[in-house]
Structure formats: structure tokens, C-alpha cells
Amino acid sequence: MGNKDSDTMVRLPHLPPVVNERIHNLTPEKREMILSHHLFEARNGDPSRLADFGLGLLDTLNSHAYSIGEPTSKPILLITGQQGCGKSTLLSRWALQYDSDVPLITHYIGCSTYSRDLSYMLENVLQILGVNLEEGSGEVPLTAQCTSKQWSALQDNIEHFNQAIQKQRFVLAIDCLESLSADSDHSHVIEDFTWLPNSIPDTCRIIITCTTPSQHYDYFTRNYNSKGEANFTEHVLGGITDVSERNVVVQKHLETYCKHLDPQQLHTICNTSLSHNPMYLVAVANELRVFGIYEEVDSQID
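Reading the values: rules and limits
- Residues numbered from 1 in each chain as written.
- Predicted model: local features only at pLDDT ≥ 70, side-chain atom pairs only at ≥ 80, totals over all residues.
- Heavy atoms only, no water.
- 1 Å grid on protein atoms, 1.4 Å probe; cavity = no way out; pocket = protein on both sides within 12 Å on 5 of 7 lines; lining within 4 Å.
- Points joined across faces, edges and corners; volume = space filled by probe spheres on them.
- Helix = DSSP H or I, 4+ residues; strand = E, 2+ residues; numbered from the N terminus.
- Buried < 20%, exposed > 50% of the residue type's maximum accessible area, 1.4 Å probe, protein only.
- Pairing = 2+ DSSP bridges.
- Disulfide = S-S within 2.5 Å.
- Phe/Tyr/Trp six-rings, centres within 6.5 Å; stacked < 30°, edge-to-face > 60°.
- Lys NZ or Arg CZ within 6 Å of the ring centre and 35° of its normal.
- Core = buried A, V, L, I, M, F, W, Y, C linked by side-chain atoms within 4.5 Å.
- Contact = heavy atoms within 4.5 Å.
- Nonpolar A, V, L, I, M, F, W, Y, C, P; charged D, E, K, R; others polar.

1. Notes on empty space enclosed by the protein
Argument step 1. Enumeration according to the criterion identifies 2 cavities of 30 Å³ or more in this entry.
Argument step 2. Size it by volume and the largest cavity reaches roughly 40 Å³.
Argument step 3. Forming the boundary of the largest cavity are Ile 34, His 37, His 38, Ile 105, Thr 106, His 107, Asn 124, Val 125 and Ile 128.
Argument step 4. Going through the elements one at a time, helix 2 (28–44), strand 2 (104–108) and helix 6 (118–129) are the ones with two or more residues in the lining of the largest cavity.

2. Considerations on the pairing of strand 3 (residues 170–175)
Argument step 1. Taken across its 6 residues, strand 3 has 6 buried, putting it largely inside the fold.
Argument step 2. Side chains Phe 170, Leu 172 and Ile 174 project from strand 3 onto one buried face, and the interleaved Val 171, Ala 173 and Asp 175 project onto a second face that is buried too.
Argument step 3. Sheet topology places strand 2 next to strand 3; 5 bridges connect them, and they run parallel. Within strand 3, the residue paired with Thr 106 across the bridge is Ala 173.
Argument step 4. Examined bridge by bridge, strand 3 and strand 4 (residues 204–211) share 5 bridges and lie parallel to one another. Looking at strand 4, one finds that Ile 174 is bridged to Ile 208.

3. Topic: the state of the cysteines
As used here, a disulfide is simply a covalent bond connecting the sulfur atoms of two cysteines.
Argument step 1. Applying the stated criterion across every chain, the model contains 0 disulfides.
Argument step 2. Take Cys 210: it sits in no disulfide, and the sulfur closest to it among the cysteines is that of Cys 176, at 8.0 Å.

4. Looking at the packing of aromatic side chains
Argument step 1. All told, the structure shown has 9 aromatic pairs when counted by the stated rule.
Argument step 2. Between Phe 161 and Trp 195, the aromatic rings sit 6.2 Å apart at their centres with planes inclined by 35°, giving tilted as the arrangement. In this pair, Phe 161 is assigned in helix 7 (residues 148–167) and Trp 195 in the loop between helix 8 (188–191) and strand 4, connecting sequence segments 34 residues apart. Across this residue pair, the class does not change: Phe 161 and Trp 195 are buried.
Argument step 3. On the numbers, 5.0 Å between centres and 20° between planes, the contact of Phe 220 with Tyr 224 is stacked. Just as Phe 220 is buried, Tyr 224 falls in that class too.
Argument step 4. Members of the aromatic cluster, joined through ring pairs, are Phe 161, Phe 193, Trp 195, Phe 220, Tyr 224 and Phe 232.
Argument step 5. For the cation-ring pair, Arg 289 lies above Tyr 257, with the distance from its terminal atom to the ring centre recorded as 4.3 Å.

5. Side note on the nonpolar core
Argument step 1. Ile 76, Leu 118, Phe 161, Trp 195, Leu 196, Ile 206 and Phe 220 are the most contacted members of the largest nonpolar core, which has 45 residues in total.
Argument step 2. A per-element tally of this core places helix 6 first, with 7 residues.
Argument step 3. Residues in contact with Ile 206, not counting those within four places in the same chain, are His 64, Pro 75, Ile 76, Leu 77, Ile 165, Leu 172, Leu 196 and Ile 200.

6. Brief notes about the layout of surface pockets
Leftover empty space is mapped by rolling, across the atoms, a probe with the size of a water molecule.
Argument step 1. Its volume calculated, the largest pocket comes out at about 370 Å³.
Argument step 2. Around the largest pocket sit 22 residues that line it, and Gly 84, Gly 86, Lys 87, Ser 88 and Met 279 are the ones nearest its centre.
Argument step 3. Secondary structure elements with two or more residues in the lining of the largest pocket: helix 2, helix 3 (47–50), helix 5 (87–97) and helix 12 (278–289).
Argument step 4. Among the residues making up the lining of the largest pocket, the classes are represented as 10 nonpolar, 8 polar and 4 charged.

Spelled out as C-alpha cells, the structure:
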């Protein structure tokens, strides 16, 4: 019998009713761990954050996720780009509009205290899939000095995860791969990608975002290239190339707080060398949002 601290069920829209029921029947602590990712997703995917950024790429994500069952399609889609280029926003926005009977499991590395830990991530996925873990398995977050019990838990979670990929039908989206970690004694699990099988069946699709350049990107490409040909599809996200789109991002962000800039001020902000980066635009808009001396806005921008 599951543990419930409330009769109100929080329904995650991209998971079937039976999976939502399964999550609701977890202990409050485990349920909170899973829901923290979806709270991050709802906040990060809010259209008001970056206006219409990334809408043209939603079809790319849909095509990959909906290709499940097609043997000619590569099972992994890798979305790369520099930090702040909008990878997390794109993934969150897509997940919020995902519409399929195939469960979508999302994990946003860095959204909570233990979300960077590999064993924690695998256990979250397994809990959603309904895999029965042995007593104590995966319950202990990895630390700088890994105990034998913790290492055993990680090994168990890797084994269960590999079995689940072969047996179950689902889409897995992992954000911010470059921040995934294990303890220092077992970093080889991250470097060699032994947690993710080389052979992924047609019944599973995986989407991964990763900052470039980064060690994790090098680890991934080294381990998922076979015979000189990549067995994954990579899509490079270059940020916002259209200056008019940059203007819209800044304007809509400021309008939320009843602020505005004149055309010349917008031109100055949106034509700098960093203005293609959505994170930069939002950071600048936030600085101007709290800047209270209108007469000094131009000098603040400069």
C-alpha cells in the first residue's frame, strides 16, 4: 500500500494516469524528488520567459520522440550549445506540450540538491517506470568518499535501468549532462558511460542536452561513435540569431514588470557580441528591471 500525505494528486501532463498514480503512491520524500523536476520544468518552460524562442525546434524534438518503434531512426538526440543558449528552456517548453501515450520522463540535472548524482537520477527514472528496487537500493546519495553500500546501490540502479530500457517503452529527456556526477572513486562510470547501454532498442528514445565545450560532451561522443559514424543525432543550438527576436525577448520580459526601453536602448542591448545568448538578454533585462533611475538608464546600458 502506498504512502500518501494528501488526497490531492498532482498530475504530470506528459505521463499516463497509471504512472501518475504510481508516483502519488510513493513516499512523500520520493514524490517530492520527482515533482521538483516538474516544478522546474513548468517555471523554465513558461513562454513569458523567452517569448517565442525555440518554437521552430519543437518539431525536431517531436519527430525524434514520435519515431519510437522505427528501426531506421537513431535512438539518441543530442542537443548542444554554449551555456545559456536556451537548451533547458527548449526542453522544458517541449515537455510541457508533449502529447503521446508513450511516457515522457524528464530529469533536469541541477534543479535540486541531489539531482546531479547519477544514482539519484537513475532511481528517479526507475521509480516512475514502476521498477521494484530492493530494500535500501539507491536510497543513499553518493558522497565524496563512496561506501561499499553506496557503490552497490549505484551498480544495482545501473543494472535495473539497463533492463528497463530493453523491456519498457518510454522517452527519457536528460537536461544539463555536463553537470552529472558520481563520487571521485567511481568517476569512470561517467567517463565511460557504462550507465547507458550501447545498444538502445527501438522502443526507447533518449534526448540529452549538453553544454559545449565540456568533458561530458567529449565522453559522450567518444563512447557513442561506432565505426567512425555517430549512432546519435546532434543538433547545435546557436542562440537567437535574429535581432528582432532579441528585441522581443527583452521587451516581453520587461513588460511583465511594467517597464520599457526606447528603440535606441533596445538596439544597443540587442547588438552586442553576447546578445545572441538568451541567458545574457534575460540577465540584462533583470538588471534594468530593478534599476530605478530612469535618467541614468542609458549610462547603465553602456
